[in-house]
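Coordinates in review
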Amino acid sequence: MSHFSTVKTELRQIEPLVQALEDLGLSPEKGQRPVRGYRGQTVTTDLAVTMDQGGDLGFQWNASTGAFELVTDLDLWKQRIPVERFLAQLTQRYALNTVLAASLREGFQVAEQTNAQDGSIELVVTRWDA
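Since this is a predicted model, take the numbers as computed values, not measurements.

One open sheet accounts for five strands, arranged β1-β5-β4-β3-β2; its pairing is antiparallel. Where the open sheet ends on each side, the last strands, each with one partner, are β1 (5-11) and β2 (28-36). Sheet twist, expressed as the average angle between the axes of neighbouring strands with direction ignored, equals 45 degrees. Strand direction decides the pairing type here: β2 and strand β3 (residues 42-49), joined by seven bridges, are antiparallel. The partner of P28 across the bridge, within β3, is V49. This element, helix α1 (residues 14-23), spans β1, β2, β3, β4 (57-62) and β5 (67-72) of the sheet and lies at about 65 degrees to β2. Each of β1, β4 and β5 is contacted by helix α2 (residues 83-105), which is oriented at about 25 degrees to β1, the strand it contacts most.

Right, let's get into the nonpolar core. Residues L17, L21, L26, L57, F59, F86 and L90 are the most contacted members of the largest nonpolar core, which totals 20 residues. Among the elements of the structure, α1, β3, β4, β5 and α2 are those that each provide at least two residues to this core. Here the element with the most residues in this core is α2; it accounts for five residues. In contact with L57, other than residues within four places in its own chain, are L26, V35, L47, A48, V49, M51, L70, V71, T72, W77 and F86.

By secondary structure assignment, the location of W77 is in the loop between β5 and α2. In this structure the C-alpha to C-alpha distance between W77 and T114, which are 37 residues apart in sequence, comes to 31 Å. What W77 contacts, discounting residues up to four positions off in sequence, is L57, T72, P82, V83 and F86. There is a polar contact of 2.8 Å between the side chain of W77 and the backbone oxygen of I81.

Moving on, we come to α2. With 23 residues, α2 ought to run about 33 Å at 1.5 Å a step, and its terminal C-alpha atoms sit 33 Å apart, in line with that. Where α2 is concerned, the buried positions are V83, F86, L87, Q89, L90, Y94, L96, N97, L100 and S103. For α2, the secondary structure elements touched by its buried residues are β1, α1, β4, β5, β6 (109-115) and β7 (121-126). Backbone geometry just downstream of α2 places G107 in the positive-phi region, at approximately 90 degrees.

This part takes up the side chain of N97. Mapping N97 onto the fold places it in helix α2. N97 gets classed as buried once you look at its relative accessible area, which sits at 12%. At 3.1 Å, the side chain of N97 forms a polar contact with the side chain of D23. Here N97 is in contact with P16, Q19, A20 and D23, once residues within four sequence places are set aside.

Reading the values: rules and limits
Residue indices follow the written sequence of each chain, beginning from 1 at its first position. Side-chain atom pairs in this predicted model are given and counted only at pLDDT of 80 or more, local residue features only at pLDDT of at least 70, and totals for whole chains, interfaces and linings cover all residues. The side-chain quantities take in all heavy atoms of the structure and omit both hydrogens and water. Strands pair, by our definition, only if DSSP identifies at least two bridges between them. In this description a helix means any DSSP run of H or I spanning at least four residues, a strand means any run of E spanning at least two, and both kinds are numbered starting from the N terminus. Think of each axis as a best-fit line through the C-alpha atoms, taken over the contacting stretch in the case of a helix, with angles from 0 to 180 degrees between the N-to-C directions. Two residues qualify as a contact provided that any one of their heavy atoms is within 4.5 Å of a heavy atom in the partner residue. Residues belong to a common nonpolar core when they are buried Ala, Val, Leu, Ile, Met, Phe, Trp, Tyr or Cys residues joined through side-chain atoms within 4.5 Å. The rule is simple: take the accessible area with a 1.4 Å probe, protein chains only, and divide by the maximum for that residue type; under 20% is buried, over 50% is exposed, in between is partly exposed. Counting of polar contacts relies on pairs of N or O atoms within 3.5 Å, with two restrictions inside protein: one atom must be capable of donating a hydrogen and the other of accepting it, and residues adjacent in sequence are counted only when both atoms are side-chain atoms. One fewer than the residue count of a helix, multiplied by 1.5 Å, yields its expected span.

Here it is as C-alpha cells:
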C-alpha cells in the first residue's frame with residue numbers, strides 16, 4: 001500500500017520555487033491544493049503540481065524548519081528521473097532564480113549565463129556605479 005512521503009528541502013521562498021518548477025516544465029498551482037496519491041487519496045498542500053503519470057507533487061510549508069517540504073507518494077513516482085535527481089535539479093533552478101532576483105534588486109544586470117555540459121550554470125553579473 002502506498003502512502004504520502006514528506007521530503008525535507010532548503011527551499012524557503014515560494015516565488016523562486018514556483019519559477020524553478022516552471023523552469024522544469026511543470027505547472028504549479030499556489031494556494032491550498034489537493035495532491036493525489038494511491039487509490040485517490042489526497043493531502044492538501046500549499047503548492048501543487050498535477051502530474052500526468054503517477055502521483056502528484058506538492059510542497060507544504062513547515063514553520064518549524066522555515067522551509068517547504070516535498071509531499072508526494074514515492075511509490076507512484078513515474079517521472080523520467082529519480083526523485084533525488086529531480087530535487088537536485090529543482091534546487092539548482094531555485095538557487096539560480098534566487099540569485100537572479102537578488103542581483104536585480106541590487107542593481108546588477110546579467111552579462112552572461114552559461115550552461116556547462118556537466119549541468120553547472122555559470123552566471124556573470126555586472127553593475128555600473130555612477
